[in-house]
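Each chain, letter by letter, is given below.
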Amino acid sequence: MTNDPDGLIDWKAFGETRSLLGAGFVRILGYFLEDGTKSVAAIEEAMRLKDSAKLVMPAHTLKGEAWQFGANRLALLAEEIEVAARHYVEIQIDPSELVEKVVHLRPLFEATVSALEAETSPLVERRPVAAAQRNALGGMRLG
């Protein structure tokens, strides 16, 4: 799969989702990109309002959709925000301690989207995995 030095995507999970969704994959990925953009904006707005309760659902949504596509780093950050926000709702405090995590959310989401789009773009030339492995091993055949 695409070179991903930052480990943004678990390509095995991504491939499994792609296989499971079949012809619906591109449509569902489009929903993730659209919903993710809305979720990130809603999380940022909730932080501006210092409203812990308004953080919970968009973080939960982003987490679930990110896991589905193997976007583990994004999912983990969204989960941290969600869990902390739920706790802050319970103890009735504002989410100020989450500012740093929320600041990192948009750049991570954008990098994740770039990696996913690079992998799914019909304009990107890909080599078969076996050929890529063979080249990495100096031309040796595998299997």
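Keep in mind that what you see is a predicted model, and the values were worked out from it rather than measured. (Residues numbered from 1 in each chain as written. Predicted model: local features only at pLDDT ≥ 70, side-chain atom pairs only at ≥ 80, totals over all residues. Heavy atoms only, no water.)

The next subject is the pattern of salt bridges. Within this structure, the stated rule accounts for six salt bridges. Glu-34 serves as the salt-bridge partner of Lys-38, at 3.3 Å between the closest nitrogen and oxygen. Remark: Glu-34 and Lys-38 occur in helix α2 (residues 25-49); sequence separation between them is four residues, near one turn of the helix. Residue classification places Lys-38 among the exposed residues on the basis of a relative accessible area of 51%. The exposure class of Glu-34 is partly exposed, given its relative accessible area of 45%. The shortest N-O distance in the salt bridge between Arg-106 and Glu-44 comes to 2.7 Å. Here the residue Arg-106 occupies a position in helix α5 (residues 99-120), and Glu-44 occupies one in helix α2, the gap between them amounting to 62 residues. Each of the salt bridges in this network shares a partner with another, and the network as a whole consists of Lys-63, Glu-82 and Arg-86. (Salt bridge = Lys/Arg side-chain N within 4 Å of Asp/Glu carboxyl O. Helix = DSSP H or I, 4+ residues; strand = E, 2+ residues; numbered from the N terminus. Buried < 20%, exposed > 50% of the residue type's maximum accessible area, 1.4 Å probe, protein only.)

Shape is all these values report; function is a separate question.
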